[in-house]
Amino acid sequence: MNLFGFDRLSIRQKLTRIIMSVSASVLILASVGFVVYDVSTTRTALEDELTVLATMTGDNCQAALQFDDAAGAREVLSSLGRKRTVLHAAVLKPSSDVFAEYRRTDFTGSNDSLFGDGTFWFEDHVTAVRTISAFEKPIGAILIRSDLSPINDKLRQDLFTVGVLLIGALLAALLLASRLQRAITGPIADLAETARSVSETKDYNVQAPVHHNDEIGNLTRAFNEMLGEIRGRENKLQTYQNHLEELVSERTKELESAKEEAEKANRLKSQFLANMSHELRTPMNSILGFSNLLTKSEDSKVKDFAETISRSGKRLMKLIDDVLDLAKVEAGKVRIQKEFFRTKNLQSIRETLEPLWRGKPIEFSVEFDEHLPPVICSDENKIIQILTNLVSNAIKFTSKGFIRIRCNYRPDDHALQFTVQDSGIGIKPEHLESVFEEFYQIDSKHRGMGSGLGLAISKQIVRALGGRIWVESEFGSGTTFGFTVDVGEQPSEEVLQSLEAGADTGSAVFESEEVRSVGWILIAEDEPANQKLFHELLRGFTYTIVENGQQALDICRREKPALVLMDVMMPVLNGEEALHRIRSDESLKDLTVIAITAKAMLGDKEHLIRAGFDDYLAKPVDDRALLSILHKYGVTRSQPGKSAMPTVKPLEDEEMEARLRELRKTKFFQSKEIKQSLEVLLSRATNEHRPKIEALLAKFRKREEDGFYRDVDDLLRHYSSGSEKP
């Protein structure tokens, strides 16, 4: 309530106003009732008086009407002049003609006749009409008009009296209110003063006086009890503070001890995960490597056995990766690296997933909303990982039909929504709530086709990306998995311009103004099985294999190799320390050193790149990945009959086509990789095609993205058609 600043008034003023308001309201209502009653009574009396007067006067004029004695009737009417309130009186014939009348000199009203007994009220007068009868037959009527001065006088008198009484009553009420409210406001004021004193002095020994045994008295006693309770707690607090330093010291030691134990456990868990990753991947490197080599055997049985070993090894590797991923999720080691990237990069998911469904009668489609923002902020690799898990899951349960990936933009919450729909066997309703649980597999027929961890890991990653994941399915009719990813608002113009200018957001890439010539490779690897694998993988290359980082360092100092493949965990001198000493040597600081390691935990690659390695390959090493990275840095197979380090020869058509295809897949913002690929092509192109490569390089420098990829496609068509010639 804030009427006229009521909430800002003191309690005394509020009580006074309330009492005065109530008193005034009651007195005004009573006064109005009194005046209305008095005026109504006066009006009734006047009406009765006129009725009696008209009846008596009419009776006196009866004889005059019978004998047509107008003078006698006037004489009777003139007697009404003694009554000062009568304005006009008239005796009327049955024809409404005036037989006789009396009119006060100052009355100028009309002489309209009224018939029918009754009293009629007008604005400034009242009229009484009575029928005059003889022998029960009407012979005329009498009309008497009176002014309203008695009522007006009474009203004025009543108003004056009521006004005087009202003012007197209100003054008396004000006097009483100002005195009586002290019985309430006095104790409250004392209580407020005590509270203020306690607040300022912090002296809880003060007691507020109790005046009455009412609600305010109860409130005061409760306040005093509260002060006593606070006083007791203050004493306890003082006692506690005296020993606080002791307690803090003890608790600090306990917390430090607990923190050290937790950090130790966390370090041990992280070390265990890293060691498990390394120890599991190291033997898998030789298993998968040799099985891949055996798949090229001409013996069908050997090839079949090798393919079986390779498939089983890859399944085991996937299980290892899933278990380690889950352990990283539970340990809080999954880090999301959000950065701006082009949404069209996600469209490469089709090429990424093509090997999973190739050979099956499945229609595979990828649909991206045309209204997608050109640039978003999220973790591109994590989105690809989620989609890969969902599509792999769909392929397992879809023998034929279709698998569709859709991506839409939700501008209201700045999110991308992905759906993976299949026409597979579907999921029973009772299993829907369990599909995201760890190691859960809904169908015994398909057990062993996966670890049962892909969906659980995807759920954790989606949550870390600020989205949610769900599943919808009708048993026998297919399944739809969906998830959202928060991509934030659109980037600033500076970010867009940076992407347009080709800012490199990829991993660290070797950059050199000159393309490396064919040269020998130094390999530092302590595992004998992996040494044998490198012997097979690097047939046709010139290479040397050593067992530790110290041997690698000594050889680098004696004779600089074209490229070093360095294992990280080795005896005598590990890979990181060997790299540090190589970078510290002025003559070796530009040497290309690539880490080949079983350390494949999240962040290991970034750590090794920051440590100074030029690139990174995780074990188990795929032969195609190894050859690709060697080509990337310009190291190719030696030719028989030539020296170990021959000059660069022109690329064959097949090699040119392969390099152009790699260039076509490279994203335009990865400027360093495109630049290096173009320089390799330019240095090894034939005289016929050198102008076309130079034109490509010119368009790249001018940032003409569409024209650049169009020319690449033209060159690809040329080499494709050329390779088909006999």
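The model shown is predicted, which means the values in this text are computed figures rather than measured ones.

A. Region of interest: the pairing of strand β11 (residues 469-473). Taken together, the five bridges between β11 and strand β12 (residues 479-486) define a ladder with antiparallel strand orientation. Paired with I469 across the two strands is F483, which belongs to β12. The hairpin formed by β11 and β12 contains five residues between the paired strands, and G476 there has a positive phi angle of roughly 90°.

B. Summary view of the packing of aromatic side chains. Under the defined criterion, the tally for this structure stands at two aromatic pairs. Pairing F418 with F483 gives two aromatic rings, centres 4.9 Å apart and planes at 15°, and the pair type is stacked. Note that F418 is positioned in strand β10 (residues 415-422) and F483 in strand β12, a separation of 65 residues in sequence. Look at F483 and you get buried, because its relative accessible area is 0%. A cation sits over an aromatic face here: R404 above F402, 3.7 Å from the ring centre. If you follow K428 out to its NZ or CZ, it ends over the ring of F475, 5.3 Å from the centre.

C. Up close: unusual backbone geometry. Of note, D68 is a non-glycine position whose phi angle comes to about 55°, a positive value. Inspection of the secondary structure puts D68 in the loop between α2 (62-66) and α3 (70-78). We classify D68 as exposed; its relative accessible area is 54%.

D. Quick peek at the pattern of salt bridges. Evaluation of the coordinates by the stated rule reveals ten salt bridges. As a salt-bridge pair, R406 and E367 come within 3.2 Å of each other at their nearest N and O atoms. Of this pair, R406 sits in strand β9 (residues 401-410) while E367 is found in strand β7 (residues 362-368), placing the two residues 39 residues apart along the sequence. Salt-bridge contacts for D413 lead to R410; the nearest nitrogen and oxygen are separated by 2.5 Å. Take D413: its relative accessible area is 36%, and that puts it in the partly exposed class.

E. Representation of the pairing of strand β3 (residues 118-121) in the model. Strand direction decides the pairing type here: β3 and strand β4 (residues 125-134), joined by four bridges, are antiparallel. The partner of F120 across the bridge, within β4, is T127.

F. Main features of the sheet that holds β12. An order of β7-β9-β10-β12-β11 is seen for the five strands of this open sheet, with the pairing classed as mixed. The open sheet terminates on both sides in strands that have one partner only, identified here as β7 and β11. Looking at each pair of strands side by side, their axes are set apart by 15° on average, direction ignored.

G. Fine view of a negative patch on the surface. Together, E245, E246, E250 and E254 give the surface a local cluster of negative charge. Within the fold, E246 resides in helix α7 (residues 244-294). Given the relative accessible area of 52%, E246 is considered exposed.

Parameters at a glance
- Residues numbered from 1 in each chain as written.
- Predicted model: local features only at pLDDT ≥ 70, side-chain atom pairs only at ≥ 80, totals over all residues.
- Heavy atoms only, no water.
- Pairing = 2+ DSSP bridges.
- Helix = DSSP H or I, 4+ residues; strand = E, 2+ residues; numbered from the N terminus.
- Phe/Tyr/Trp six-rings, centres within 6.5 Å; stacked < 30°, edge-to-face > 60°.
- Buried < 20%, exposed > 50% of the residue type's maximum accessible area, 1.4 Å probe, protein only.
- Lys NZ or Arg CZ within 6 Å of the ring centre and 35° of its normal.
- Salt bridge = Lys/Arg side-chain N within 4 Å of Asp/Glu carboxyl O.
- Axes fitted to C-alpha atoms, helices over the stretch in contact; angles between N-to-C directions.
- Patch = residues over 30% accessible without salt bridge, like charges linked within 9 Å, V, L, I, M, F, W, Y side chains within 5 Å.
- Areas by Shrake-Rupley, 256 points an atom, 1.4 Å probe, with all protein chains shown as cover.
- Lys, Arg positive; Asp, Glu negative; His and termini not counted.
- Charge placed at Lys NZ, Arg CZ, Asp CG, Glu CD.

Note that every value here comes from positions in space, so none of it alone points to a role or purpose.
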